Amino acid sequence: MPQTTSSEPDSRSFRSDFVRQSAGLRHFPALVLNADYRPLSYYPLSLWPWQEAIKAAFLDRVTIVSEYEEVVRSPSTEIRIPSVVVLKDYVAPQKTVAFTRFNLFLRDEFACQYCGATGDLTFDHVIPRAAGGVTSWQNVVAACGRCNLHKGSKSLKQVGYTLRKPPVQPSTGQLMNLGRKFPPGHLHESWMDFLYWDAELEP
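Residues numbered from 1 in each chain as written. Predicted model: local features only at pLDDT ≥ 70, side-chain atom pairs only at ≥ 80, totals over all residues. Heavy atoms only, no water.

**A closer look at the pattern of salt bridges**
Side-chain pairs of opposite charge can arise whenever the charged atoms involved come near each other. What the rule picks out here adds up to eight salt bridges. Measuring nitrogen to oxygen at the nearest pair gives 3.0 Å for the salt bridge that ties Glu109 to Lys181. Highlighted residues: Glu109 in the loop between helix 2 (101–107) and strand 5 (121–125) and Lys181 in the segment after helix 5 (172–179), separated in sequence by 72 residues. Glu109 gets classed as partly exposed once you look at its relative accessible area, which sits at 28%. (Salt bridge = Lys/Arg side-chain N within 4 Å of Asp/Glu carboxyl O. Helix = DSSP H or I, 4+ residues; strand = E, 2+ residues; numbered from the N terminus. Buried < 20%, exposed > 50% of the residue type's maximum accessible area, 1.4 Å probe, protein only.)

Right, dumping it as structure tokens:
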């Protein structure tokens, strides 16, 4: 099994005991669940590096519910790498969603709200700023570079565009549900009991 090596004194902090990992130990993230056993986030999926998961378990901030086969060792400790951890204290979701580019793209499902294209995304003011449009959830949408360039500072009517859906401010729950549509490329088998990618989404 892969193991860390150490030539420093045992008096170092617990975390530093495990940072000199071999290359094979770099890819063992832990799925982090809230105290209600739901992921803190679906997109991006709430994952910690294995060092953070081990440190949190040592500090009694999480409960380990599943582990990898691999272990890491310090001079005085051997521990299996956690693959799923649950926070002991519940973290309440934010009541309002931050108005960021990432959250805007997630609300619009990473697709141009004019033509539906994905990739090369930017954002566009539905009512142009030159016409008094403000930068808000209700007036900014994801747009591909081509549609954004073509629309410019014109109105939707002038260019003949229609929106795929009305732009609104999403709730935290709505963004969580939208995130479930975008599973990451790698899902460890121990995570599957806690993820619901195929579950019916709430409206």
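**Describing the environment of Val159**
Position of Val159 relative to the elements: it lies in helix 4 (residues 156–159). Along the backbone, Val159 and Cys147 are twelve residues apart, and their C-alpha atoms lie at a distance of 9.7 Å. The residues touching Val159, leaving out its near neighbours within four places in the chain, are His150, Lys151 and Lys154. (Contact = heavy atoms within 4.5 Å.)

**Brief notes about the sheet that holds strand 4 (residues 78–87)**
Across the sheet, four strands lie side by side as 2-1-4-3; this open sheet has mixed pairing. Each end of this open sheet is capped by a strand with a single partner; those strands are strand 2 (47–48) and strand 3 (62–73). Here strand 3 pairs with strand 4 via eight bridges, running antiparallel. Each bridged residue has a counterpart across the sheet, and for Ser66 the counterpart in strand 4 is Val84. Across the sheet, helix 1 (residues 50–58) lies against strand 1 (30–33), strand 2, strand 3 and strand 4, angled at about 125° from strand 3, the strand it touches most. (Pairing = 2+ DSSP bridges. Axes fitted to C-alpha atoms, helices over the stretch in contact; angles between N-to-C directions.)

**A closer look at the nonpolar core**
In terms of nonpolar packing, the biggest core is built from 21 residues, with Cys112, Tyr114, Cys147 and Tyr161 touching the most fellow members. When residues of this core are traced back to their parent elements, those giving at least two are helix 2, strand 6 (140–144), helix 4 and helix 5. At five residues, strand 6 tops the list of elements feeding residues into this core. Contacts of Cys147, omitting those with residues within four sequence positions, involve Cys112, Tyr114, Cys115 and Tyr161. (Core = buried A, V, L, I, M, F, W, Y, C linked by side-chain atoms within 4.5 Å.)

**Concerning the environment of Glu109**
When the C-alpha atoms of Glu109 and Leu175 are compared, they prove to be 9.6 Å apart, with 66 residues separating the residues in sequence. Discounting residues that sit within four places of it in the chain, Glu109 has contacts with Lys165, Leu178, Lys181 and Phe182.

**What about the packing of aromatic side chains?**
Tallying each qualifying case throughout the model produces nine aromatic pairs. Taking the centre distance of 5.0 Å and the plane angle of 75° together, the rings of Phe28 and Tyr68 count as edge-to-face. Linking Phe28 in the segment before strand 1 with Tyr68 in strand 3, this pair joins segments that are 40 residues apart in sequence. No difference in accessibility class separates Phe28 from Tyr68, as the two residues are buried. The structure contains a cluster of three or more aromatic residues connected by ring pairs, namely Tyr43, Phe102, Phe110 and Phe182. When the ring centre of Tyr42 is taken as origin, the NZ or CZ atom of Arg180, which lies over that ring, is 5.7 Å away. (Phe/Tyr/Trp six-rings, centres within 6.5 Å; stacked < 30°, edge-to-face > 60°. Lys NZ or Arg CZ within 6 Å of the ring centre and 35° of its normal.)

**A short note on helix 5**
Burial in helix 5 covers these residues: Leu175, Asn177, Leu178 and Gly179. Lining the buried residues of helix 5 we find helix 2.

**Comments concerning the layout of surface pockets**
Its volume calculated, the largest pocket comes out at about 770 Å³. Along its surface, the largest pocket is lined by 28 residues, and Pro39, Leu40, Pro93, Thr172 and Met176 are the ones closest to its centre. Taken together, the elements giving at least two residues each to the lining of the largest pocket come down to helix 2 and helix 5. In terms of residue count, helix 5 provides more of the lining of the largest pocket than any other element does, five residues in total. In terms of residue class, the lining of the largest pocket is made up of 16 nonpolar, eight polar and four charged. (1 Å grid on protein atoms, 1.4 Å probe; cavity = no way out; pocket = protein on both sides within 12 Å on 5 of 7 lines; lining within 4 Å. Points joined across faces, edges and corners; volume = space filled by probe spheres on them. Nonpolar A, V, L, I, M, F, W, Y, C, P; charged D, E, K, R; others polar.)

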